[in-house]
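# Remarks on the overall topology
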Amino acid sequence: MTLSKAIIRVIRLKKSFSKGERGEPLKVLDGIDLSISEGEFISILGPSGCGKSTFLHILAGLDKQDEGEVYLDDRLITGPGPDHTMIFQDYSLFPWMTVKKNIGLGLKATGVPPEMREAICREHIQLVHLEGFEDHYPHELSGGMKQRVAIARGFALNPRVLFMDEPFGALDAQTRVALQQELIRIFTSTRKTIVFVTHNVSEAVFLSDRIVVCTKRPMKVKTIFRVEIERPRDRFGVSFNEFCKQVAQVLDV
Amino acid sequence: MSFSQIFKIGQRWIWIPCLLILWSLFARFVHLGTWPFPSPWLIFQKWWWLFRNGSLLKDIGASLFHVGYGFSISALIAISLGILMGWNKKVFDYLNPFLNLIRPTPPAAWLPLVVFVWGIGLLPGTLLVIYGSFFPILLNTINGVQNVERRFVNAALTLGLGKRQLMWNIVVPAAFPSILVGLRMGFGFAWMVLIIAELIAVQSGLGYMILLSVTTLEPESIIAGMLTIGMVGLGLDQLFRLLVDKYILKWQKGIVI
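Computed from a predicted model, the values in this text were never measured in an experiment.

Time to look at empty space enclosed by the protein. Using the criterion set out here, one finds 1 cavity of 30 Å³ or more in the structure. A volume near 30 Å³ is recorded for the largest cavity. Lining the largest cavity, in full, are T85(A), M86(A), I87(A), F88(A), A150(A), R153(A), G154(A), T158(B) and L159(B). Going through the elements one at a time, strand 6 (86-87) and helix 4 (143-156) of chain A are the ones with two or more residues in the lining of the largest cavity. With 3 residues, the top contributor of residues to the lining of the largest cavity is helix 4 of chain A. Classifying every residue of the lining of the largest cavity gives 5 nonpolar, 3 polar and 1 charged.

In structure tokens:
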């Protein structure tokens, strides 16, 4: 673990879901400890249904833990908010708002004045290469473009940390790779702390500074890898594939 | 235009000449008591005459005014209350049993009481129209608000929206398609109830006109009036759909309401 100051500290996080009247409660998170440092890209990698999405929802304040604490800059996270915003797998764009309005909504809600809002929107539309689509509605965009809007919407808020819940899971392989590259480009230029949930090994290795490999449900931290491969990473390189193999082995055990 | 296209259009509209022929034959041989059943041509003549002398337009105008008046008030109250009830569980729990108690009483059953209390005039008619269109709008609004997708609410919360902002920026627009369904249904009911009200409680409008034609022994006017009521109702419904498609729901492709 790094000695530099942690932006997020997760302490002994536990969570169970009640299974109705009969049956044992379903244990999802079984005491997770994690510390994330500022400017870090960290992936939570685990098999489908292991509880990593629940974990991320608790970090984002959208779900409540049974036990344990989550700190953001030494403040307890008790609910969702714009300084620890989230990007969802299903984009969750508001279909009744244009691209620009979607991106600007959070800014408006947090009281950014109109001229500044306009400028920030423009800047972030450029950031994700959606110039010319400002006034389009989400149903007029492809899946990849929708996720670009969602990314712009997240980064526009200038949050302390960005949570991403399998954001590229619903996209085809080509679009997925393209968006991974975009995300890394934006990450390296902004150095925002990103917590990224995925079940895709090569995605985690391509993107992350560190990879937290989790067990099946109930979820625990199994191993944490530090990815020391120089960026931009070559997906076909020997070291990249060696690393993927190593991670995959731990994941599958 | 190809032959098959013409054939298709013919298929769709062939019932009109068929109906007219059958009707004419029927009118020829069937009598209403001592009165000959009016033929389509006779009805059309009557309709044209009513149109020319302006009385039909006056009746249409009166009915549209009544329905517009009652329906607007109803929509305003039902949408506001529906949003409140859908949003606030406590309000819902308090009001729902009461509303469920009133709802099964059809508007027509209220008519005698309304006339007894307020007599005959615009007010009782308006009250009935309000009552008749209230519940479809209210229930669809509640339903729309209660069923706003969780993911939209979650996304809004992570963007920092407060309660009031969430309501106006997310919940109301997300419930809007459902509210429109309620408005369309409500308007259909409003039109129906209005005609019933005009038969008894209001002394103007298309309903009153057809009732009057009974006492003046003009069966052509009755049927001309009925056809007009149907056509105006259809026209308003189509207009509503057109407005919704063109202006209100352009963010939602191919919505069926």
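Now, onward.
With that settled, the discussion passes to the confidence of the model for chain B. All names here are of chain B. A residue-level look at chain B finds 96% of positions with pLDDT of 70 or above and a mean pLDDT of 90. Taken element by element, chain B is modelled with least confidence in strand 1 (residues 31-32), mean pLDDT 70, and with most confidence in helix 8 (residues 150-158), mean pLDDT 95. With a pTM of 0.83, the predicted complex shows an ipTM of 0.90.

A word on the interface of chain A and chain B. If you look at the interface, chain A gives 23 residues, while chain B gives 19 residues. Overall, the association of chain A and chain B removes approximately 1900 Å² of surface from exposure, summing both partners, and the carbon and sulfur fraction of that is 70%. There are 1 salt bridge connecting chain A and chain B. Between R151(B) and D90(A) there is a salt bridge; the shortest N-O distance is 3.5 Å. At the boundary of chain A and chain B, one finds 3 residue pairs in polar contact (both at pLDDT 80 or more). Top element by residues in the side of chain A that touches chain B is helix 2 (residues 99-109) of chain A. It accounts for 4 residues. In the side of chain A that touches chain B, the residues fall into 14 nonpolar, 6 polar and 3 charged.

Here we take up the nonpolar core. General note: in soluble globular proteins, nonpolar side chains tend to be found buried as a group. If you look at the biggest cluster of nonpolar residues, it comprises 134 residues, and the most contacted ones within it are F55(A), F94(A), V205(A), I211(A) and I170(B). The leading source of residues in this core is helix 9 (residues 163-200) of chain B, at 14 residues. Among all residues touching F55(A), those that are not within four sequence positions of it are V10(A), L13(A), L29(A), I32(A), L34(A), I44(A) and M219(A). V114(B), L128(B), A201(B) and V202(B) belong to the second largest nonpolar core, which has 7 residues in total.

Residues and elements named next belong to chain B. Taking 1.5 Å of rise per residue, the 25 residues of helix 7 (residues 122-146) would be expected to cover 36 Å, and the 36 Å separating its terminal C-alpha atoms lies within 8% of that figure. Along its length, helix 7 shows its largest kink, about 35°, at F134, and proline P136 lies within four residues downstream of that point. Within helix 7, 19 of the 25 residues are buried, which leaves it mostly tucked inside the rest of the structure.

Criteria and cut-off values
Residues numbered from 1 in each chain as written. Chains lettered and ligands numbered in written order. Predicted model: local features only at pLDDT ≥ 70, side-chain atom pairs only at ≥ 80, totals over all residues. Heavy atoms only, no water. 1 Å grid on protein atoms, 1.4 Å probe; cavity = no way out; pocket = protein on both sides within 12 Å on 5 of 7 lines; lining within 4 Å. Points joined across faces, edges and corners; volume = space filled by probe spheres on them. Helix = DSSP H or I, 4+ residues; strand = E, 2+ residues; numbered from the N terminus. Nonpolar A, V, L, I, M, F, W, Y, C, P; charged D, E, K, R; others polar. pLDDT = per-residue confidence, 0-100. Contact = heavy atoms within 4.5 Å. Buried area = accessible area lost by both parts, 1.4 Å probe. Salt bridge = Lys/Arg side-chain N within 4 Å of Asp/Glu carboxyl O. Polar contact = N/O pair within 3.5 Å; in protein donor to acceptor, adjacent residues only side chain to side chain. Core = buried A, V, L, I, M, F, W, Y, C linked by side-chain atoms within 4.5 Å. Buried < 20%, exposed > 50% of the residue type's maximum accessible area, 1.4 Å probe, protein only. Expected span 1.5 Å × (residues − 1). Bend = angle between axes of the 7 residues up to and from the residue.

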